2 protein chains.
Amino acid sequence: MKVSTRGEYGMRAMVSLARLYGEGPVPLSTIATESSVPPAYLEQLIGQLRRAGLVNSTRGANGGYELSRAPEDVRVGEVYRVMEGPVAPMVCVTEDMDPSEDLCPMIDGCATRLVWIKVRDGIVEALDSTTLGDLVQQNRKSDMLSGTGVS
Amino acid sequence: MKVSTRGEYGMRAMVSLARLYGEGPVPLSTIATESSVPPAYLEQLIGQLRRAGLVNSTRGANGGYELSRAPEDVRVGEVYRVMEGPVAPMVCVTEDMDPSEDLCPMIDGCATRLVWIKVRDGIVEALDSTTLGDLVQQNRKSDMLSGTGVS
DNA sequence: ATTATTCCTATCTGGCCGGTCGGAATTACG
DNA sequence: CGTAATTCCGACCGGCCAGATAGGAATAAT
């Protein structure tokens, strides 16, 4: 059960944008470098984030991307869902589920479903209790400790 | 981020075995039917579970498989790990990690790592706080309520 | 013997992840 | 203006691996 590179890269890109929040549009090339994502691929991913309304874009020279909201107002769960779809360790426990549909092939109900629901809820909790703001802040703190922040 | 069919099927098979615990060896064909898993495939999977020591096997006619421990003593996390490997939503946060190795390509440490660790811990908690015993018990209870248990 | 079963390992196949490419549209700037 | 910097869009594609299947050898009951 791994997060795909879409999720990984998307998250990294958003953190980069969070770090540069308030300094105007950041060109794709910069984000790509800063987040170590192949530019051509990132373009695809960031398009998704834009369509989802998480980032704004400015076209033309001096254009680029920026967060549409302050980092503290963006839950990482939002980013995750845009990139990876609804949280669902298993098809039968997807977040946005119609309660009526039960496509489990099991004879008398599936006992394992209970576990997957717990797992899903664990993931959701982890994702929705953190914001991009938390991430950059935490990271800066650890930079300080390791001395990287002092030059 | 989905659990593969190995995890799904493996868990189902183990629940079947948990239900039949104490009634002697259960042939593969039975488990396959009961858990709706292709027999040939299940054979492969249950082999893993056996090698991991979670099930015992008896060969020859009247042979089959059975749990090596009581259902209440088997955490679903154990089953999960046998089928899916260490819990790791992301390579850089795998459970059985050597703390020294850090293969993150990021320049100044990866801020996103914090999320993935939280996610991982959420999953681990969900998996390790439940036993096979819990599952069959819970399921029987819901059977009662829906009337399936009454004949 | 014959039958029921586990055990082993080789092989196959489709889907999709992860990525590239080319070019069109848009805007700043001198 | 024209040119350079940028976003935007959709088509393409190769490789890997999940998800099986197949066949046969070993083992044990009857």
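Asker: Sorry, what's going on with the protein's contact with DNA strand D here?
Answerer: Taken together, 23 residues lie around DNA strand D, and Leu-28, Glu-43, Arg-50 and Ser-57 of chain A together with Thr-5 of chain B are the ones closest in. Within 4 Å of the protein, the contacting atoms of DNA strand D are drawn from sugar and phosphate to the extent of 66%. Take Arg-59 of chain A: an N or O atom from its side chain is 3.1 Å from a base oxygen of DNA strand D. Between DNA strand D and Arg-59 of chain B there is a distance of 3.1 Å, counted from a base nitrogen to a side-chain nitrogen or oxygen. At the level of elements, helix 3 (39–51), strand 1 (55–58) and strand 2 (64–67) of chain A together with helix 1 (5–19) and helix 3 (39–51) of chain B are the ones that each hand at least two residues to the surface near DNA strand D. Across the surface near DNA strand D, the residue classes break down as nine nonpolar, nine polar and five charged.

Asker: How do you make sense of the interface of chain A and chain B when you look at a structure like this?
Answerer: Where interface size is given, it is often the accessible area lost as the parts come together that is meant. In this assembly, 43 residues from chain A lie in contact with 43 residues from chain B. The largest share of the area that chain A buries against chain B comes from Met-1, Lys-2 and Trp-116 of chain A, three residues that together contribute 17% of it. Run the count over chain A and chain B and you get ten residue pairs in polar contact (both at pLDDT 80 or more). Elements represented by at least two residues in the side of chain A that touches chain B include exactly helix 1 (5–19), helix 2 (28–35), helix 4 (76–84), helix 5 (113–128) and helix 6 (132–146) of chain A. Looking at the side of chain A that touches chain B, its residues break down into 23 nonpolar, eleven polar and nine charged.

Criteria and cut-off values
Residues numbered from 1 in each chain as written. Chains lettered and ligands numbered in written order. Predicted model: local features only at pLDDT ≥ 70, side-chain atom pairs only at ≥ 80, totals over all residues. Heavy atoms only, no water. Near = heavy atom within 4 Å. Polar contact = N/O pair within 3.5 Å; in protein donor to acceptor, adjacent residues only side chain to side chain. Helix = DSSP H or I, 4+ residues; strand = E, 2+ residues; numbered from the N terminus. Nonpolar A, V, L, I, M, F, W, Y, C, P; charged D, E, K, R; others polar. Contact = heavy atoms within 4.5 Å. Buried area = accessible area lost by both parts, 1.4 Å probe.

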